[in-house]
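Survey of secondary and tertiary structure
Here is how the chains run, residue by residue.
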Amino acid sequence: MKKIAVLTSGGDAPGMNAAVRAVVRYGVRHGLEVIGVRRGYSGLIDGDFVKLEYKDVAGITEKGGTILRTSRCEEFKTEEGRELAAKQIKKHGIEGLVVIGGEGSLTGAHLLYEEHKIPVVGIPATIDNDIGLTDMCIGVDTCLNTVMDAVQKLKDTASSHERAFIVEVMGRHSGYIALMAGLVTGAEAIIVPEIPVDYSQLADRILEERRRGKINSIIIVAEGAASAYTVARHLEYRIGYETRITILGHVQRGGSPTAFDRRLALSMGVEAVDALLDGEVDVMIALQGNKLVRVPIMEALSTKKTIDKKLYEIAYMLS
Ligand code: F6P
């Protein structure tokens, strides 16, 4: 193998750049030419390629986002689109492709292998942490720290005004961000798509906490469960005191990656190149316990990630 390519696809995640840096530098050290594909699968179809030298990835470990830029490419969801992409790969003599992204991106990588035998290796990178068989995806830890910091700031003003704050976080269909952020900030309530919500019970709990002397209430809601406005409508008349809404939105996707995410991304980037060099393809690099392993992409994507119900109960008990 002499020439590989790397791309970032789907929603960006802090740490993607560290993974790109590892693929480039480890690849170059192993005598490979490494091509960066700009704008994810859209750039792959367009042949928007740039040769990446060792120096081109200097200083990017600490940068959020992705220097290659990314996209959500509708065309790549079609066989014709993937055909065009495969043609570009073959035309440029690319012998292996590292895809850094979430569920949709990894599905696309698998289809490139299945339909065109392009040797692919996936690296899970999404703040949603909704990919099976891996304990963590790149970007999750940084996102959680961003949400934690924002909620701590909200607690200051919530206490000053004795208000309830409803904080909507991302996660698509996963409640992972909401659960972890609620746990580490001592939120009174955590609303996730995986567990039905009873607003009367929730209101009773918040009122009980107030009676016990709490002067602020933090309710964290995952976007896949409900909007913050919906939660406010259900709660306001039941608890009878001021509420305010904060929708954290895309701030959760930015920021300099934490040490955890940098380590995860750098080690996954190296492992992905090793997998290509070993000829082990159509696999995703996964973190299991404290080890990196290689799992078939479709096995990872077909393994549903459930929420840790025990942790959910602990979060309530400790709040
Ligand atoms: O998948 C990551 C994610 O941030 C989701 O949590 C969120 O719902 C979605 O992307 C937002 O997509 P976009 O960046 O295209 O608005």
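These remarks concern the structure in this document. (Residues numbered from 1 in each chain as written. Predicted model: local features only at pLDDT ≥ 70, side-chain atom pairs only at ≥ 80, totals over all residues. Heavy atoms only, no water.)

What about the nonpolar core?
For the record, the criterion: In these notes, a set of buried Ala, Val, Leu, Ile, Met, Phe, Trp, Tyr and Cys residues joined through side-chain atoms within 4.5 Å is what counts as a nonpolar core. A simple rule labels every residue: compare its accessible area, found with a 1.4 Å probe on the protein chains alone, to the largest value its type can have, and call it buried under 20%, exposed over 50%, or partly exposed in between. Strands here are runs of E lasting at least two residues and helices are runs of H or I lasting at least four, both read from the DSSP assignment and numbered beginning at the N terminus. For the domains described, the bounds stem from an automatic or database domain assignment.
In this structure, Leu44, Leu97 and Leu112 are the most contacted members of the largest nonpolar core, which totals 109 residues. Broken down by element, the residue count for this core peaks at eight residues, all from helix 5 (residues 140-161). Counting the residues that make up this core, at least three belong to each of domain 1 (3-139 + 257-302) and domain 2 (140-254).

Concerning the site of the ligand
Note the cut-off: Working definition: residue near molecule or strand if any one of its non-hydrogen atoms lies within 4 Å of it. For the purposes of these results, a polar contact is taken to be a pair of N or O atoms within 3.5 Å, where, inside protein, one atom must be able to donate a hydrogen and its partner to accept one; residues adjacent in sequence count only when each atom of the pair is a side-chain atom.
The immediate surroundings of the ligand are formed by Arg72, Ile127, Asp128, Met170, Gly171, Arg172, Glu223, His250 and Arg253. Taking Arg72, its side chain carries an N or O atom lying 2.8 Å from an oxygen atom of the ligand. Here an oxygen atom of the ligand sits 2.5 Å away from a polar atom, N or O, in the side chain of Glu223. Each of two domains, domain 1 (3-139 + 257-302) and domain 2 (140-254), supplies a minimum of three residues to the shell around the ligand.

As for the packing of aromatic side chains
The cut-off we apply is this: Pairing of aromatic rings covers Phe, Tyr and Trp, the last through its six-membered ring, and needs centres within 6.5 Å; plane angles under 30 degrees mean stacked, over 60 mean edge-to-face, and all others mean tilted.
Scanning all chains against the criterion turns up two aromatic pairs. Ring plane angle 0° and centroid distance 3.7 Å describe the contact between Tyr41 and Phe76, whose orientation is recorded as stacked. In this pair, Tyr41 is assigned in helix 2 (residues 40-46) and Phe76 in the loop between strand 3 (49-51) and helix 3 (79-91), connecting sequence segments 35 residues apart. Residue Tyr41 shares its accessibility class with Phe76, and that shared class is buried. For the pair Tyr312 and Tyr316, a centre-to-centre distance of 5.2 Å together with 50° between the ring planes defines the contact as tilted. Of this pair, Tyr312 and Tyr316 both sit in helix 11 (residues 309-318), four residues apart, which is roughly one turn of that helix. On the basis of relative accessibility, which here comes to 19%, the residue Tyr316 falls in the buried class.

A look at the sheet that holds strand 7 (residues 189-191)
We count it as follows: Following DSSP output, two strands are said to pair if at least two bridges run between them. Each axis is a line fitted through C-alpha atoms, and for a helix only the stretch in contact is used; angles between axes span 0 to 180 degrees, taken between their N-to-C directions.
If you walk across this open sheet you meet the four strands as 7-8-6-9, and the pairing is parallel. Of all strands in the sheet, those bounded by a partner on one side alone are strand 7 and strand 9 (243-247). Adjacent strand axes in the sheet meet at a mean angle of 15° when their direction is disregarded. Pairing between strand 7 and strand 8 (residues 217-222): three bridges, direction parallel. When the bridges of strand 8 are listed, Ile190 appears paired with Ile220.

Regarding helix 7 (residues 199-211)
Applicable threshold: Multiplying 1.5 Å by the residue count of a helix minus one yields the expected span of that helix. The reported arc concerns the directions from the helix axis to the C-beta atoms and nothing else. When checking whether two residues touch, look at their non-hydrogen atoms; a contact exists if any pair is within 4.5 Å.
The end-to-end C-alpha distance of helix 7, which contains 13 residues, comes to 18 Å, matching closely the 18 Å that a straight helix rising 1.5 Å per residue would cover. Listed in full, the buried residues belonging to helix 7 are Tyr199, Leu202, Ala203, Ile206, Glu209 and Arg210. The buried residues of helix 7 occupy an angular sector of 125° when the element is viewed end-on, so they sit on one face. What points out from helix 7, more than 90 degrees from its buried face, is the exposed set Gln201 and Arg211. Turning to helix 7, the residues buried within the fold contact strand 6 (164-169), strand 7, strand 8, helix 8 (228-239) and helix 11. In this structure Asp198 caps helix 7, since a side-chain oxygen of it lies 2.9 Å from the backbone nitrogen of Ser200.

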